[in-house]
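In case you want the letters, here they are:
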Amino acid sequence: MKLGKSTREAFGLALADLGARYPDIVVLDGDVHNSTRTEHFAKRFPERFFNVGIAESNLVSMAGGMAGAGKRPWLASFAAFVMCNAYDQLRMSVAFPCADVKVVGSHAGISIGEDGPSQMGIEDVALACALPNFTVVVPADEPSTWAAVEALTELRTPAYLRVGRPNVPIVYDQPPPFRIGQAIRLRDGKDLTLIANGLMVAAALQAAEELARSGIQARVLDMHTVKPLDEQAVAEAARETGRIVIAEEHTIYGGLGSVVAMAAARHHPVPIRFVALKDTFAESGPPEALLAKYGLTAGDIVREAKSLLG
Amino acid sequence: MAGLPLQELEAKARTLRRHIITSTTQAGSGHPTSSLSAVEVVTALYFGGILRYDPLRPNWPPRDRFILSKGHAAPLLYAALAEAGYFPVEALATLRQLGSPLEGHPNLRRLPGVEASTGSLGQGLSIGLGHALAARMDGYDSRVYVLLGDGEIDQGQVWEAVMSAVKYRADNLIAIVDRNGYQQTGPTAEVLDLEPLAPKWEAFGWAVQEINGHDLTQVLTALQKAGVSRGKPSVIIARTQKGYPIMDLLSEANYHGKPLSLAEAEKALARIG
């Protein structure tokens, strides 16, 4: 797979592009616009860009107020800071009033690398999913991030978009058939289903290739929307392939694995394995080395898949 | 809209006080004393010709906003909204009941006229700043009034908003601090001392006025002056008494988060007249 831009860069470019079409988009920043890439919007639309400083609580509630006045606010900071520092504000200024605020957490997962655990959002998806009224989207690559930003702009309710720091492989050569709440089947197979999101989608596709060399046919689903979950796709995967491996760059508690397992349990219980961060913080190091050390590679997916198939 | 003359305004304040006591005593819970301290401020805003609003069009874009950041004073907000015509006064009797939109703390999705869902303290000034900047971007001369509790400004977020409002020269944002001197477990001076309060706001770049928050004339004058501030946001520190004017009828010096008993309510209503 060809390496594309990072999902944070794709987000920043898409947002600046949409800014021209939607005069009511405003962007709020917690003084990290050169990291989250809202700088692209800031350069084109300075009068609609607000850097409120290192003050996530105020950042989130201000966005809630602007939504109350009819704007379409997007706010961005590191996933770890916006979700963990301003959770009460997300709850009371955004989720409870069902305000049209789009929350973007960048530098999600452990693939940010050397900056280390304080900067790594590893529990952000669980936190976002726990907020009523929130939609939660974790795109895999550059084209699907563009599509996600467009789709979320049209959604007039709260949403969390998770993006990452490193450049990631292009999963979609063509514009993806992206619809919020609808999984994308990237590969079909009858022996088991690999369900992934974020940068683990590319890893799942690699794993499927490798499994195919051992004669195992894996279905691969890009489950970019964690909430509302495409329960039908999960039910079909369980019924038709009988086994599921879920892969995500997130703590094993409360993320994609948890919600997919819940859906499978409800519709058609099958054996499931989880490729995720195993209830631990990571550490500083090169991104690839971290993903390998903490069990988030195509090889880890293959191993779990083979253990499922006995 | 034109404001009521002073005598009628005083009568309106008494009406709001009666609603606060009656509705919380009937509900069997709530924060009547925290509501009573801010009655003159809210009366002046809604009935003194300060706020521009239309109960038939609660989301009318050029409206002024009133945000009750100290959400536990919801009985006061509901009394004002009912008297202003957003919903029938009879609905006040449903306060805190299952199915009623008059919840324990304000919920904007269920009640017209509520601008922010509050109750987790510290968020209202930021929400108000968001409204103020959005209104300005749209070319409206709307003003945004945010009522804060004094205990509430323990919250760090309030000071984040205070700094931001100065950065953005939000002169259409007016904060009012209900300086009643008490928070849930005791005097603010003991829990977390706020003084020197006015110099703090001044040092942060706000235009500051300190007034007697139970003197309607002072409240009106201060609100009018704050409304024409240029280049910087305004704060009015309204010195008030918790439970005014019936606190001495209650059993504790800091009677917080409890309704009056039927007997106490009867005495209180007689006092208010």
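My aim in this report is to walk through the structure given alongside it, one point at a time. All values derive from a computational prediction rather than experimental measurement. (Residues numbered from 1 in each chain as written. Chains lettered and ligands numbered in written order. Predicted model: local features only at pLDDT ≥ 70, side-chain atom pairs only at ≥ 80, totals over all residues. Heavy atoms only, no water.)

**Points about the packing of helix H1 (residues 7–21) of chain A against helix H8 (residues 142–154) of chain A**
Residues and elements named next belong to chain A. The following threshold applies: Axis definition: a line fitted to C-alpha atoms, limited for helices to the stretch in contact. Angles are taken between N-to-C directions and run from 0 to 180 degrees. Secondary structure elements are defined from DSSP: runs of H or I of at least 4 residues count as helices, runs of E of at least 2 residues count as strands, and each element is numbered from the N terminus. Our angle categories are set so that under 35 degrees counts as roughly parallel, over 145 as roughly antiparallel, 65 to 115 as roughly perpendicular, and the remainder as oblique. Handedness of a helix crossing follows the sense of rotation of the near helix relative to the far helix, less than a right angle counterclockwise being left-handed and clockwise being right-handed. In what follows, a contact means two residues having at least one pair of non-hydrogen atoms within 4.5 Å. In the scheme used here, Gly and all other residues not listed as nonpolar or charged are polar, with Ala, Val, Leu, Ile, Met, Phe, Trp, Tyr, Cys and Pro taken as nonpolar and Asp, Glu, Lys and Arg as charged.
One way to put it is that H1 packs onto H8 with a least axis distance of 8 Å and a crossing angle of 40°. Taken together, the axis directions place H1 and H8 in an arrangement best described as oblique. For the crossing formed where H1 meets H8, the hand is right-handed. Of H8, the residues touching H1 (which contributes Thr7, Ala10, Phe11, Leu13, Ala14, Leu15, Asp17, Leu18 and Arg21) are Glu142, Thr145, Trp146, Val149, Glu150 and Thr153. Considering only residue class, the contact of H1 with H8 consists of eight nonpolar, three polar and four charged.

**Re helix H11 (residues 256–267) of chain A**
Residue pairs three or four apart in sequence face the same way in an α-helix, which turns once every 3.6 residues. Residue and element names in this part refer to chain A. Applicable threshold: Between the first and last residue of a helix there are one fewer steps than residues, each counted as 1.5 Å, and that sum is the expected span. Residue exposure (1.4 Å probe, protein chains only): buried if accessible area is under 20% of the type maximum, exposed if over 50%, otherwise partly exposed.
Taking 1.5 Å of rise per residue, the twelve residues of H11 would be expected to cover 16 Å, and the 17 Å separating its terminal C-alpha atoms lies within 8% of that figure. Among all positions of H11, only Leu256, Gly257, Val259, Val260, Ala263 and Ala264 are buried. On its buried side, H11 packs onto strand S10 (192–196), strand S12 (225–227), helix H10 (231–241), strand S13 (244–251) and strand S14 (272–277).

**As for the interface of chain B and chain A**
To be explicit about the condition: Buried area is a sum: the accessible area each of two parts loses on coming together, probed at 1.4 Å, counted once for each and added. Just to be clear on terms, a salt bridge is a Lys or Arg side-chain nitrogen sitting within 4 Å of an Asp or Glu carboxyl oxygen. Pairs of N or O atoms are called polar contacts if they sit within 3.5 Å, as long as, within protein, a hydrogen donor faces a hydrogen acceptor (for residues adjacent in sequence, only side-chain-to-side-chain pairs).
The interface of chain B with chain A comprises 25 residues on the first partner and 24 residues on the second. In total, chain B and chain A occlude about 2000 Å² of area from one another, counting both sides; carbon and sulfur atoms represent 57% of this. As a salt-bridge pair, aspartate 138 of chain B and lysine 71 of chain A come within 2.6 Å of each other at their nearest N and O atoms. On inspection of chain B and its partner chain A, the count reaches 13 residue pairs in polar contact (both at pLDDT 80 or more). Among the secondary structure elements, those contributing two or more residues to the side of chain B that touches chain A are helix H5 (124–137) and helix H6 (156–167) of chain B. For the side of chain B that touches chain A, the element with the most residues is H5 of chain B, which contributes eight residues.

**Thoughts on unusual backbone geometry**
Across the junction of lysine 227 of chain A and proline 228 of chain A, the peptide omega takes the value 0°, indicating a cis bond. Of note, proline 228 of chain A is situated in the loop between S12 and H10. Look at the link from tyrosine 244 of chain B to proline 245 of chain B: it is a cis peptide, with omega at 0°. Within the secondary structure layout, proline 245 of chain B lies in the loop between strand S7 (234–239) and helix H10 (262–272). A positive phi angle, close to 75°, is found at arginine 37 of chain A, a residue other than glycine. On the basis of relative accessibility, which here comes to 19%, the residue arginine 37 of chain A falls in the buried class. Of note, the phi angle at asparagine 133 of chain A is positive, near 80°, even though the residue is not glycine. For asparagine 133 of chain A, a relative accessible area of 33% corresponds to the partly exposed category.

**Considerations on the pairing of strand S11 (residues 218–222) of chain A**
Side-chain direction in a regular strand flips from residue to residue, so the side chains alternate between the two faces of the sheet. Residue and element names in this part refer to chain A. The cut-off we apply is this: A pair of strands is labelled paired if DSSP reports no fewer than 2 bridges between them. Clockwise travel from the first strand over the helix to the second, with the strands pointing away from the viewer, marks a crossover as right-handed.
Within S11, five of the five residues are buried, leaving the element largely enclosed by the surrounding structure. Both faces of S11 are covered, namely the face carrying Ala218, Val220 and Asp222 and the face carrying Arg219 and Leu221. Bridge count for strand S9 (residues 184–187) against S11 is three bridges, and the pairing is antiparallel. What sits directly across from isoleucine 184, in S11, is aspartate 222. Of the pairings in the sheet, the one linking S10 to S11 comprises five bridges and is parallel in character. Across the sheet, leucine 192 pairs through a bridge with alanine 218, a residue of S11. As for the winding sense of the linkage, the β-α-β connection from S10 through helix H9 (residues 200–213) to S11 is right-handed.

**Overview of the sheet that holds S9 of chain A**
All names here are of chain A. Strand order in the open sheet made by the five strands is S9-S11-S10-S13-S14, with mixed pairing throughout. If you trace the sheet from one side to the other, it starts and ends with S9 and S14, each paired once. With direction set aside, neighbouring strand axes in the sheet form an average angle of 25°. Lying on the sheet, H9 is in contact with S9, S10, S11, S13 and S14; it crosses S10 at an angle near 160°. Contacts from H10 reach S9, S10, S11 and S13, with the element oriented near 175° to S11.

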